Amino acid sequence: MHAETIADAETGRIVELPEAPTRAGLAAIDLIEGVRKSWLWTTLAEQDVKLRYRGSILGPFWQTLTTAVMIGGMGFIYSKLFHTDLHDYLPMLSVGLIFWAFIAGMVTEGCGTFISVQGIIQQVKLPFSLHAYRLVYRNLLTLAHNFVIIPIVLFLFPHPIVWTRLIELVPGLVLISIIGVWVSILLGMISARFRDVPPIVASIVQVVFFMTPVMWPVQALGPNAWWAQLNPFFAAIDVLRGPLLGQPTSRYSWAILLIMTAFGCAASFAFFARFHSRIAFWV
Amino acid sequence: MRRLLRLLREVPLPHRLLGLTSLSFLRLRNVCVDFPIYQGSSRSLKRALLATSTHGNLARDALDRINVRALSDVSIDILNGDRIGLIGLNGAGKTTLLKVLAGVYEPSQGRIVSSGSISSLLDTNVGLNSDATGRENIILRGMYMGIHPQEMRTRVDEVAAFTELGHYIDMPVRTYSAGMMIRLAFSISTCVPPDILIMDEWLTAGDAQFLDKAQRRVEEFVRGSSILVLASHSTQLVEQWCNRVILLHQGRVVTMGPVKEVVAAYRRLIDGAIPEAAAQIAAAG
């Protein structure tokens, strides 16, 4: 081991360097510094949304229009296909699809958390967590744009809304955003190292879409409903959809979300602590 | 007159004579940087998983990962008022060292401790959006430097004036020439005097008139006890801008000291390196 001392070129004194912080300490500092730079990632995320639709008349509401057209088209066809009443089917489908787009968007974009900002990571020292916060916030903004469809649908096809239950949306969105942060950090790191991960994740998400009760009601599975209820994607959609449609939340959903948050944060933090110094070399 | 100014510059600053601790500094101890070179199958998760699950000792081959040691055992102290020039041949590790100093790369071994705000000009187009105008980009790049858009807005005119880009400042950046990009990037990065300014050699691509202006600005804030680290191939630029020079060769610090001595050593290295290379080719042939 080399002595960590050297003579100060100017004064001739021996300068000793302070103890290096631990990896976990550095990772924690990164996460906190990222939060403290919230003005930066909120501004960048807002700009991302604006720039994506620069020059178009509707701006970010193009996204809303696309979603609305999709819901309209699918709603009519699938309600016939499933022999269900459009009045019941369309609200379920629109709320489900909008939240699915939010959740799936975070997972698929999460693969590019670090790859997509490679130029920045290579040139400027910024907390790595900042890129994950930006991504989650950007998806929240997109969700907010899509959300305007929901009141319209619920107005056209009235549902018994229990107003007090709408408060459940808050913890639901908070938990899902926290999950979004760890997912995007974890997937972002793995994808930066292994470049075949993003297409793999994209195909998995595609398959999961059809296996998750978004387009079809979970009750359709009958006695096998528990099988779909254990799907974490369903749990996330369920805690948001239930209160909006005035339906009871499935019994496992909150538990699954809490477990996902706790274990995911722990596992992801361990991984981030171990490898965050490598990110700049991977991207 | 010029000689007198230079003499004045070389007189140690009072706080150094008194041995007071530096305000800003960069200290490196035994810093090594290993670059994993990922190519082909080493980028594949499938290969990595198969390699570890089937034959443990084949993993290295299947992963075909090569480590390149870009910096080895670098120990330097850079204190305030230092204008450091980094010289060396291509691939000597200059840019890697700059990135370590800027905090972009974490050393694989060794330690780096720094104090003071760091502004790095490694690439001219960091954080620049090519469709946005020069003026918009001033705010954008300022954000990546940690300056809030509100504060940056008050400085836009000042930065725009320094660039001397005239009406081009309101044009999209994609219409800019390389020289104009340099003007813009330099002006933004130095609009708030950083404690430590780290610059890569692209600056030399600027025109002489702007270089003079840039040098005056840098000298101004280095006199205010800041640090400049500049990598360059041009010994002339280093002689003009720097008061200490570090010569890197194959990732190691060869010498470090006053400009003239180190530049002379660099010249000898160039003279030596060419016959050396010729001998290598002859041996291989």
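Residues numbered from 1 in each chain as written. Chains lettered and ligands numbered in written order. Predicted model: local features only at pLDDT ≥ 70, side-chain atom pairs only at ≥ 80, totals over all residues.

## Section: the overall build of chain A
Reasoning step 1: Looking only at helices and strands, one finds 13 helices and two strands in chain A.
Reasoning step 2: Contacts in chain A between residues far apart in sequence, at least 24 positions, make up 74% of those at least 6 positions apart. (Helix = DSSP H or I, 4+ residues; strand = E, 2+ residues; numbered from the N terminus. Contact = placed C-beta atoms within 7 Å.)

## Details of the overall build of chain B
Reasoning step 1: Scanning chain B from N- to C-terminus turns up 12 helices and nine strands.
Reasoning step 2: In chain B, of all internal contacts separated by at least 6 residues, the share reaching a separation of at least 24 is 70%.

## A closer look at the interface of chain A and chain B
Reasoning step 1: At the junction of the two partners, chain A supplies 27 residues and chain B supplies 31 residues.
Reasoning step 2: Elements represented by at least two residues in the side of chain A that touches chain B include exactly α2 (38-52), α5 (118-123) and α13 (279-282) of chain A.
Reasoning step 3: Looking at the side of chain A that touches chain B element by element, the count peaks at four residues for α5(A).
Reasoning step 4: Class assignment for the residues of the side of chain A that touches chain B results in 14 nonpolar, seven polar and six charged. (Nonpolar A, V, L, I, M, F, W, Y, C, P; charged D, E, K, R; others polar.)

## Overview of the pairing of strand β5 (residues 118-121) of chain B
All names here are of chain B.
Reasoning step 1: Burial along β5 is two-sided: Ile118 and Ser120 and Ser119 and Leu121, pointing in opposite directions, are all buried.
Reasoning step 2: Note: β5 against strand β6 (residues 196-199), four bridges, orientation parallel. Residue pairing for β6: Ile118 is matched across the bridge by Ile196. (Buried ≥ 20, exposed ≤ 12 C-beta atoms within 10 Å, placed from the backbone. Pairing = 2+ DSSP bridges.)

## Digging into the domain arrangement of chain B
All names here are of chain B.
Reasoning step 1: Splitting chain B by domain gives domain 1 (22-37 + 71-115 + 195-285) and domain 2 (118-193).
Reasoning step 2: Placing a centre on the C-alpha atoms of domain 1 and another on those of domain 2 gives a separation of 25 Å.
Reasoning step 3: Tallying the contact residues gives 21 residues for domain 1 and 13 residues for domain 2.
Reasoning step 4: Counting only elements with at least two residues in the side of domain 1 that touches domain 2, the list comes to α5 (94-102), β6 and α10 (208-223).
Reasoning step 5: Split by residue class, the side of domain 1 that touches domain 2 holds 12 nonpolar, five polar and four charged. (Domains from an automatic or database assignment.)

## Quick notes on unusual backbone geometry
Reasoning step 1: The phi dihedral of His83(A) falls on the positive side, at around 55°, and the residue is not glycine.
Reasoning step 2: If you trace the backbone, His83(A) turns up in the loop between α3 (61-81) and α4 (86-110).
Reasoning step 3: Of note in the backbone geometry, Glu164(B) takes a positive phi value of approximately 55° without being a glycine.
Reasoning step 4: Within the secondary structure, Glu164(B) is located in the loop between α8 (156-163) and α9 (178-189).
Reasoning step 5: By C-beta crowding, Glu164(B) is classed as partly exposed, having 14 other C-beta atoms within 10 Å.

## Considerations on the environment of Arg29(B)
All names here are of chain B.
Reasoning step 1: With respect to the element layout, Arg29 can be found in strand β1 (residues 25-37).
Reasoning step 2: Classification of Arg29 as buried rests on a count of 23 C-beta atoms within 10 Å.
Reasoning step 3: As a C-alpha pair, Arg29 and Asp77 span 48 residues in sequence and 8.6 Å in three-dimensional space.

## Thoughts on the pairing of strand β7 (residues 227-231) of chain B
For a regular strand, side chains alternate in direction, first toward one face of the sheet and then toward the other.
Residues and elements named next belong to chain B.
Reasoning step 1: Among the five residues that make up β7, five are buried, leaving the element largely enclosed by the rest of the structure.
Reasoning step 2: Across four bridges, strand β3 (residues 83-87) lies against β7 in parallel orientation. Across the sheet, the residue bridging to Gly85 is Leu230, located in β7.

## Considerations on the packing of helix α11 (residues 232-245) of chain A against helix α12 (residues 253-275) of chain A
Residue and element names in this part refer to chain A.
Reasoning step 1: Relative to each other, α11 and α12 sit at 115°, their axes nearing to 8 Å. Crossing geometry of α11 relative to α12 is assigned as left-handed. Across the interface between the two elements, Pro232, Ala235, Ala236, Asp238 and Val239 of α11 pack against Ser253, Trp254, Ile256, Leu257 and Met260 of α12.
Reasoning step 2: When the residues that make up the contact of α11 with α12 are grouped by side-chain class, the tally is eight nonpolar, one polar and one charged. (Axes fitted to C-alpha atoms, helices over the stretch in contact; angles between N-to-C directions. Left-handed = near helix turned anticlockwise from the far one by under 90°.)

## Observations concerning the environment of Gly264(A)
All names here are of chain A.
Reasoning step 1: Examined against the element boundaries, Gly264 turns out to sit in helix α12.
Reasoning step 2: Between the C-alpha atoms of Gly264 and Ile179, which are 85 residues apart in sequence, the distance is 7.1 Å.
Reasoning step 3: Beyond its immediate chain neighbours, meaning those up to four positions away, Gly264 contacts Ile179 and Trp182.

## Some points on the nonpolar core
Reasoning step 1: Among the nonpolar cores identified, the biggest contains 134 residues, and Ile103(A), Ile198(B) and Val229(B) are the most heavily contacted of them.
Reasoning step 2: Looking at which element gives the most residues to this core, the answer is α4(A), with 13 residues.
Reasoning step 3: Looking at this core, you find at least three residues from each of domain 1 (22-37 + 71-115 + 195-285) and domain 2 (118-193) of chain B.
Reasoning step 4: Ignoring sequence-local partners within four residues, the contact set of Ile103(A) consists of Ile176(A), Phe233(A), Ala236(A) and Ile237(A). (Core = buried A, V, L, I, M, F, W, Y, C linked by C-beta atoms within 7 Å.)

## Comments concerning the sheet that holds strand β4 (residues 109-115) of chain B
Sheets are built from strands paired through backbone hydrogen bonds, the pairs being either parallel or antiparallel.
Residues and elements named next belong to chain B.
Reasoning step 1: As summarised here, the arrangement of the three strands in space is β2-β1-β4, forming an open sheet in which the pairing is antiparallel. Unpaired on one side and paired on the other, β2 (66-79) and β4 mark the two borders of the sheet. On average, adjacent strands in this sheet sit at an angle of 25° to one another, irrespective of strand direction.
Reasoning step 2: With six bridges connecting them, β1 and β4 associate as antiparallel partners. The partner of Cys32 across the bridge, within β4, is Gln109.
Reasoning step 3: Most of the contacts of α5 go to β2, to which it runs at about 60°, and overall it touches β1, β2 and β4.

## Examining the confidence of the model for chain B
Reasoning step 1: Chain-level statistics for chain B give a pLDDT mean of 79 and a share of 79% at 70 or above.
Reasoning step 2: Reported confidences for the modelled complex are a pTM of 0.84 and an ipTM of 0.80. (pLDDT = per-residue confidence, 0-100.)

## Things to note about the sheet that holds β5(B)
Residue and element names in this part refer to chain B.
Reasoning step 1: Strand order in this open sheet of six strands is β5-β6-β7-β3-β8-β9, and the pairing throughout is mixed. Unpaired on one side and paired on the other, β5 and β9 (252-258) mark the two borders of the sheet. On average, each strand axis in the sheet is tilted by 15° relative to the strand beside it, whichever way the strands run.
Reasoning step 2: Contacts from α5 reach β3, β5, β6, β7 and β8 (244-249) within the one sheet, and its direction differs from that of β7 by about 155°.

## A word on helix α6 (residues 134-144) of chain B
Reasoning step 1: Taken together, the buried positions of α6(B) are Gly134(B), Asn137(B), Ile138(B), Ile139(B), Leu140(B), Arg141(B) and Gly142(B).
Reasoning step 2: Looking at the buried positions of α6(B), the neighbouring elements they touch are α7 (149-153), α8 and α9 of chain B.

## Some words on the confidence of the model for chain A
Reasoning step 1: Scored by pLDDT, chain A comes out at a mean of 88, with 94% of its residues at no less than 70.
Reasoning step 2: Ignoring residues within four places in sequence, the model shows residues 1-9 of chain A, a span with pLDDT below 50, making 18 contacts including any to other chains.

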